[in-house]
Amino acid sequence: MFSEKEIQKIRKQFPILKEKIYSNPLIYIDNAATTQKPLQVIQAIQKYYFTTNANVHRGLHYLSQKATNQVENTRKKIQKFIHAKYSSEIIFTKGTTESINLVASSISYLIKKGDEILISCIEHHSNIVPWQIICKKKGAILKIIPIYNNGYLKLRDFEFLISKKTKIVSISHISNVLGIINPIKYIIKKSHEYGALVLIDGAQSPSNLHLNMQDLNTDFYVFSAHKMYGPTGIGILYGKKKILETICPYQFGGEMIKNVSFEKTTYSDLPFKFEAGTPNIEGIIVWSSAIDFIEKIGLSKIQSYKKELLSYAIQRLSTIDGIQLYGEIKDFSKKSSIISFNLNKLHCFDVGSILDRLGITVRTGHLCAQPLMNFFKVSGMIRASFSVYNTFKEIDYLFEGLLKAKKLLLKY
Ligand SMILES: *Cc1c(COP(=O)(O)O)cnc(C)c1O
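Worth saying up front: this structure is predicted, and the values here are computed from it rather than measured.

Calculation notes
Residues numbered from 1 in each chain as written. Predicted model: local features only at pLDDT ≥ 70, side-chain atom pairs only at ≥ 80, totals over all residues. Heavy atoms only, no water. Salt bridge = Lys/Arg side-chain N within 4 Å of Asp/Glu carboxyl O. Helix = DSSP H or I, 4+ residues; strand = E, 2+ residues; numbered from the N terminus. Buried < 20%, exposed > 50% of the residue type's maximum accessible area, 1.4 Å probe, protein only. Near = heavy atom within 4 Å. Polar contact = N/O pair within 3.5 Å; in protein donor to acceptor, adjacent residues only side chain to side chain. Areas by Shrake-Rupley, 256 points an atom, 1.4 Å probe, with all protein chains shown as cover. Pairing = 2+ DSSP bridges. Axes fitted to C-alpha atoms, helices over the stretch in contact; angles between N-to-C directions. Contact = heavy atoms within 4.5 Å. 1 Å grid on protein atoms, 1.4 Å probe; cavity = no way out; pocket = protein on both sides within 12 Å on 5 of 7 lines; lining within 4 Å. Points joined across faces, edges and corners; volume = space filled by probe spheres on them. Domains from an automatic or database assignment. Nonpolar A, V, L, I, M, F, W, Y, C, P; charged D, E, K, R; others polar.

Draft legend 1. Representation of the pattern of salt bridges within the structure. Applying the stated rule across the entire model yields 17 salt bridges. Between Asp 30 and Arg 383 there is a salt bridge, and its shortest N-O distance comes to 3.4 Å. Of this pair, Asp 30 sits in the loop between strand E3 (27-28) and helix H2 (39-51) while Arg 383 sits in strand E17 (residues 381-385); the two residues are 353 residues apart in sequence, bridging distant segments of the chain. For the residue pair Asp 30 and Arg 383, the accessibility class agrees, reading buried in each case. A salt bridge links Lys 334 to Asp 331, with the nearest nitrogen and oxygen atoms 3.7 Å apart. Overall, the relative accessible area of 40% leaves Lys 334 in the partly exposed class.

The structure is reproduced here in structure tokens:
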């Protein structure tokens, strides 16, 4: 729990929260899509261009060295943040989506006709489509772990589906729709018993959970900076060193090579083997300030405050007549601060438009998880997702906004 003073201090660090939307105060509760950026991140962007801008790893000159050092410092900071064994296990990418595509492409040589790839019913499209494409190319089969109505994976079915034919299991750590935290440690252990590789889509995790790659023992773990107070266009692939060393590069060109002649090219060592071309230097360097922001407040504190917001939101919203809340709504130990719902039989876009007019930013639609929408037999949902700068009062506004939407829309 933060005191009123503490929360105001946190909110002051996010200049955008002073914006007015249609002359209403901005209530930003679309944090599962992207979080807002604290002042120290915004200022770090300017500082980078004022003092450091140069290409990395290429030049001998002072600025190039400075930029290179800062990039490598972020790599080390992320290594520490997720407790990876080596900093060379951290590969910079554009984000979660690119990281999953990288792995799908780089391990595709391991996948043969009749092999299986295992994902789950709750996955984000980013963790469905790349595997579908590989399956199509290779004649492999995509298998899906089903879920219960509360959103939990059916682990019995997982145990039944996993076999020696399974080459990779790719599962989200936290569902971007239901906020459910999946039992990935068990899934990783079980998958390894069958010799399958495991990728964890951790897009929703770093601003919610303490991450420890060595303890999880996953082969790959991916996330983006922009959902943890950092900039867009930058993310990572974590991969076990031994595995990254053996699998194929993803893109080819500058920076990822050791030697090039027209006859033959040899590749760089990790992590550069997977970092072709000039990276998002600004994004990498600035990301470091976002991690500082989290660490200064403390992830555990952020986590428990967000749980209180979630608990209050569920408590308030569930009193609305005709609301349908999806997934687990009682036990918050396995849930992050995301709640998705529908209001009576109203279309989520109609409700969303009215909330928007009131300055309340929620996500509406299929939430990049159409198979999950099909499971719940809806075309879309309304999602509220909370962050460290949200308040109980904002949840009251959401509650009132929903009542208003109901009143207006049910007239027709
Ligand atoms: C946001 C999200 C993604 C996609 O992340 P990008 O940053 O858009 O690449 C994938 N999976 C989950 C669970 C997400 O929440």
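And the narrative resumes.
Draft legend 2. Fine view of the site of the ligand. Taken together, Thr 96, Thr 97, His 124, Ser 126, Asn 176, Asp 201, Ala 203, Gln 204, Ser 224, His 226 and Lys 227 make up the full set of residues adjacent to the ligand. Thr 97 places a polar side-chain atom, nitrogen or oxygen, 2.6 Å from an oxygen atom of the ligand. Gln 204 places a side-chain nitrogen or oxygen 2.7 Å from an oxygen atom of the ligand. Protein contact buries 85% of the 380 Å² of open area that the ligand shows by itself.

Draft legend 3. Structural view of the sheet that holds strand E16 (residues 363-365). Pairing within the open sheet is antiparallel, and its 4 strands lie in the order E13-E14-E17-E16. At either margin of the open sheet sits one strand with a lone partner, and together these are strand E13 (323-325) and E16. The average angle at which neighbouring strand axes cross in this sheet is 30°, direction not considered. Looking at chain direction, E13 and strand E14 (residues 338-343) are connected through 3 bridges and run antiparallel. Note that in E14 the partner of Leu 325 across the bridge is Phe 341. Strands E13 and E14 of the sheet are contacted by helix H11 (residues 299-317), whose axis makes an angle of about 15° with E14. Running at roughly 155° to E16, helix H12 (residues 348-357) makes contact with E14, E16 and E17 of the sheet.

Draft legend 4. Here's a closer look at empty space enclosed by the protein. The final tally for this structure, using the stated rule, is 2 cavities of 30 Å³ or more. The calculated volume of the largest cavity comes to roughly 80 Å³. In terms of lining residues, the largest cavity is bounded by 13 residues, among which Asn 31, Gln 204, Asn 208, Lys 306 and Phe 386 are the most central. Residue-level mapping places the lining of the largest cavity at the junction of two domains, with at least three residues from each of domain 1 (4-30 + 298-409) and domain 2 (42-294). As for the second largest cavity, its lining consists of Ile 181, Asn 208, Leu 209, Gln 303, Lys 306, Lys 307, Lys 335, Ser 336 and Ser 337. Residues belonging to the lining of the second largest cavity are distributed by class as follows: 2 nonpolar, 4 polar and 3 charged. Counting contributing residues per domain, the lining of the second largest cavity is built from domain 1 (4-30 + 298-409) and domain 2 (42-294), each supplying no fewer than three.

Interpretation in functional terms is not warranted from these geometric data alone.
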